[in-house]
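Listed here are the chains, written in short residue letters.
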Amino acid sequence: MSKVSSREKLLDTTFLEVYMYGYAGASTANILKIAGVPKGSMYHHFPSKKALVIAMIEERLIPKVRESFYIEITEKSRPLDILNYLFKKISKNEKLIKYGCPLHKLMFEMGSLDSEISTLCHTEFVYLTQNLTQILTLGQSRQEIIAIDPKSLAEYIIVSTWGALSRTPEHSSKVKFIEDTQHILNYITK
């Protein structure tokens, strides 16, 4: 069994701290306490809280978002099945249902406050949009999905999904998320 490095502990703890409390609410003291890492060790790896958060975005947040939202497309892919699968996969992720999308939350909080963090988050949004645009374009070519600009439709689906995930924890549920996303599928289906 390998020992987890201080750097890895810091990144994992920072992901959860920022996810739960946002960038502004994330406490470096709390991150250090939970990670069990001394302050000097943090500054050995990261010169600032912002540098720690940027590394967390690149090494934790983006991989987690891609794991939840990215879908590989093949010749045999059926776009509506892909979307149904994606929504069901998201609905099974209790943290996403209860606390929302961590990328969306960080984009919303930092959009006008920090251009570097905002750009990192927006770049991932563009990546997800491109992936979904390919799925929708395939669905349109098979006349399964309404014929409107696939990039705009992809953005609509992503932000609508984030909206469905943005309910307060006490009003979020797997059932409610599935109901919300069914409206999206009904809207885009030809």
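The structure under discussion appears in the preceding block.
Residues numbered from 1 in each chain as written. Predicted model: local features only at pLDDT ≥ 70, side-chain atom pairs only at ≥ 80, totals over all residues. Heavy atoms only, no water.

Draft legend 1. Representation of the overall build of the protein chain. Scanning the protein chain from N- to C-terminus turns up 10 helices and 0 strands. Secondary structure of the protein chain in N-to-C order comes out as α-α-α-α-α-α-α-α-α-α. Considered along the principal axes of its C-alpha atoms, the protein chain spans approximately 60 × 40 × 30 Å. Counting every atom, the protein chain has about 10,400 Å² of accessible surface; 55% of that belongs to carbon and sulfur. (Helix = DSSP H or I, 4+ residues; strand = E, 2+ residues; numbered from the N terminus. Areas by Shrake-Rupley, 256 points an atom, 1.4 Å probe, with all protein chains shown as cover.)

Draft legend 2. Representation of a nonpolar patch on the surface within the structure. On the surface, Ile148, Tyr156 and Tyr187 cluster together to form a nonpolar patch covering roughly 270 Å² of accessible area. Residue placement: Tyr156 occurs in helix α9 (residues 150–164). Relative accessible area serves as the criterion here: at 34%, Tyr156 is assigned to the partly exposed category. (Patch = residues over 30% accessible without salt bridge, like charges linked within 9 Å, V, L, I, M, F, W, Y side chains within 5 Å. Salt bridge = Lys/Arg side-chain N within 4 Å of Asp/Glu carboxyl O. Buried < 20%, exposed > 50% of the residue type's maximum accessible area, 1.4 Å probe, protein only.)

Draft legend 3. Representation of the packing of helix α5 (residues 79–91) against helix α8 (residues 115–141). For the pair α5 and α8, interaxial distance at closest approach is 8 Å and the crossing angle is 140°. In terms of orientation, α5 and α8 fall into the oblique class. Together, Pro79, Ile82 and Leu83 of α5 and Leu132, Ile135, Leu136, Leu138 and Gly139 of α8 make up the contact between the two elements. When grouped by side-chain class, the residues that make up the contact of α5 with α8 number 7 nonpolar, 1 polar and no charged. (Axes fitted to C-alpha atoms, helices over the stretch in contact; angles between N-to-C directions. Parallel < 35°, antiparallel > 145°, perpendicular 65-115°, else oblique. Contact = heavy atoms within 4.5 Å. Nonpolar A, V, L, I, M, F, W, Y, C, P; charged D, E, K, R; others polar.)

Draft legend 4. Molecular detail of the packing of aromatic side chains. One pass over the full model with this rule turns up 6 aromatic pairs. When the centroid spacing of 5.6 Å and the interplanar angle of 45° are considered together, the rings of Phe15 and Tyr19 count as tilted. Remark: Tyr19 and Phe15 occur in helix α1 (residues 6–25); sequence separation between them is 4 residues, near one turn of the helix. The residues Phe15 and Tyr19 share a single accessibility class, namely buried. Aromatic ring contacts, followed pair by pair, group Phe15, Tyr19 and Tyr99 into a single cluster. Directly above the aromatic system of Tyr23 lies the positively charged group of Lys49, at a separation of 4.6 Å from the ring centroid. (Phe/Tyr/Trp six-rings, centres within 6.5 Å; stacked < 30°, edge-to-face > 60°. Lys NZ or Arg CZ within 6 Å of the ring centre and 35° of its normal.)

Draft legend 5. Molecular detail of the side chain of Thr13. Within the fold, Thr13 resides in helix α1. Given the relative accessible area of 10%, Thr13 is considered buried. Apart from the residues lying within four places of it in its own chain, the contact partners of Thr13 are Ile31, Ile34 and Ala35.

Draft legend 6. The environment of His171, seen in detail. Structurally, His171 is set in the loop between α9 and α10 (174–188). In this structure, the C-alpha to C-alpha distance between His171 and Ile97, residues 74 residues apart in sequence, is 9.7 Å. At 2.7 Å, the side chain of His171 forms a polar contact with the side chain of Thr168. (Polar contact = N/O pair within 3.5 Å; in protein donor to acceptor, adjacent residues only side chain to side chain.)

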